[in-house]
Amino acid sequence: AATYEACSTRGFLHGRTETIRSCSTAMRELAQAMRDPSATPEARHASLLRAMEGHREYASLCTKGQGFDRHLLGLKKLVGEGEAMPAIFRDPTYDRTRTWELSTSTLSSEHFESWGFGEVCEAGFGIGYTVNSKDTTYTVVCRSDRGEGGAGRAEAF
């Protein structure tokens, strides 16, 4: 599932956010190492470090305006009324990559006990988390009108 992690682009005029995509080759390799019963703790740790470094590098690029989600959104918004939508935006894969079942954001501050971050799609979950010097807190949010599917899955967290 595509995952949305908010990234601030406030360094730019009218800057708001970019999407840090956490699905990567390094993350896949980490998941495989963690599921592999024959993987040593050292191999799992090395996979974790590679995934963390890759994520940190991509997040840094996003804060500098080098992500691609907002660029694609801008191009899509430029399509005028009556104009044909370019093929990339009609491709079902494009829609799947923008259906973020998990959306996350962090706001680390010793002044907040907790806070929330909403889901960005109807079937999704939002997780707001804070990492402070003495604790880590998180809040999981989903739509209550999803019935047992939403509440039951949220309880699993």
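Description of the structure in this document. Keep in mind it's a predicted model, so treat the numbers as computed, not measured.

**Topic: the overall build of the protein chain**
Consideration 1: If you tally the helices and strands in the protein chain, you get six helices and five strands.
Consideration 2: When the helices and strands of the protein chain are read in sequence order from the N terminus, they spell out β-β-α-α-α-α-α-β-β-β-α.
Consideration 3: Going through the 157 residues of the protein chain one by one, you find that 27% of them count as buried.
Consideration 4: In the protein chain, once contacts between residues fewer than 6 apart in sequence are set aside, the share between residues at least 24 apart is 38%.
Consideration 5: Of the roughly 10700 Å² that the protein chain leaves accessible, carbon and sulfur atoms contribute 56%.
Consideration 6: Here the protein chain contributes 19 positively and 21 negatively charged side chains, and the mean placements of these two sets differ by 3 Å.

**Here we look at a nonpolar patch on the surface**
Consideration 1: A contiguous nonpolar patch, built from Leu48, Leu49 and Met52 and spanning about 250 Å² of accessible area, is present on the exposed surface.
Consideration 2: For Leu48, the location among the structural elements is in helix α2 (residues 41-63).
Consideration 3: Looking at Leu48, the relative accessible area reads 35%, which means it is partly exposed.

**Some points on the environment of Thr17**
Consideration 1: Looking at the secondary structure, you find Thr17 in strand β2 (residues 17-21).
Consideration 2: Each C-alpha atom, one on Thr17 and one on Ala6, is 6.1 Å from the other, the two residues being 11 residues apart in sequence.
Consideration 3: The residues contacting Thr17, other than those within four sequence positions of it, are Tyr4, Cys7, Thr9 and Arg70.
Consideration 4: At a separation of 2.9 Å, a polar atom in the side chain of Thr17 contacts the side chain of Arg70.

**Structural notes on the sheet that holds strand β3 (residues 100-106)**
Consideration 1: One open sheet accounts for five strands, arranged β2-β1-β3-β4-β5; its pairing is mixed. A strand with exactly one partner marks an edge of an open sheet, and here the two such strands are β2 and β5 (136-142). Neighbouring strand axes in the sheet, compared pairwise and without regard to direction, differ in orientation by 25 degrees on average.
Consideration 2: The pairing of strand β1 (residues 2-8) with β3 spans four bridges and is classified as parallel. Pairing of Tyr4 across the sheet is with Ser103, part of β3.

**Comments concerning the pairing of β3**
Consideration 1: The pairing of β3 with strand β4 (residues 125-131) spans five bridges and is classified as parallel. Residue Ser105 lies in a different strand from β4, and its bridge partner there is Gly128.

**A word on the environment of Ala6**
Consideration 1: Among the structural elements, Ala6 can be located in strand β1.
Consideration 2: With 92 residues separating them in the primary sequence, Ala6 and Arg98 have C-alpha atoms 13 Å apart.
Consideration 3: Sequence-distant contacts of Ala6, defined by excluding residues within four places in its chain, comprise Glu18, Ile20, Thr104, Ser105 and Phe117.

Thresholds applied
Residues numbered from 1 in each chain as written. Predicted model: local features only at pLDDT ≥ 70, side-chain atom pairs only at ≥ 80, totals over all residues. Heavy atoms only, no water. Helix = DSSP H or I, 4+ residues; strand = E, 2+ residues; numbered from the N terminus. Buried < 20%, exposed > 50% of the residue type's maximum accessible area, 1.4 Å probe, protein only. Contact = heavy atoms within 4.5 Å. Areas by Shrake-Rupley, 256 points an atom, 1.4 Å probe, with all protein chains shown as cover. Lys, Arg positive; Asp, Glu negative; His and termini not counted. Charge placed at Lys NZ, Arg CZ, Asp CG, Glu CD. Patch = residues over 30% accessible without salt bridge, like charges linked within 9 Å, V, L, I, M, F, W, Y side chains within 5 Å. Salt bridge = Lys/Arg side-chain N within 4 Å of Asp/Glu carboxyl O. Polar contact = N/O pair within 3.5 Å; in protein donor to acceptor, adjacent residues only side chain to side chain. Pairing = 2+ DSSP bridges. Axes fitted to C-alpha atoms, helices over the stretch in contact; angles between N-to-C directions.

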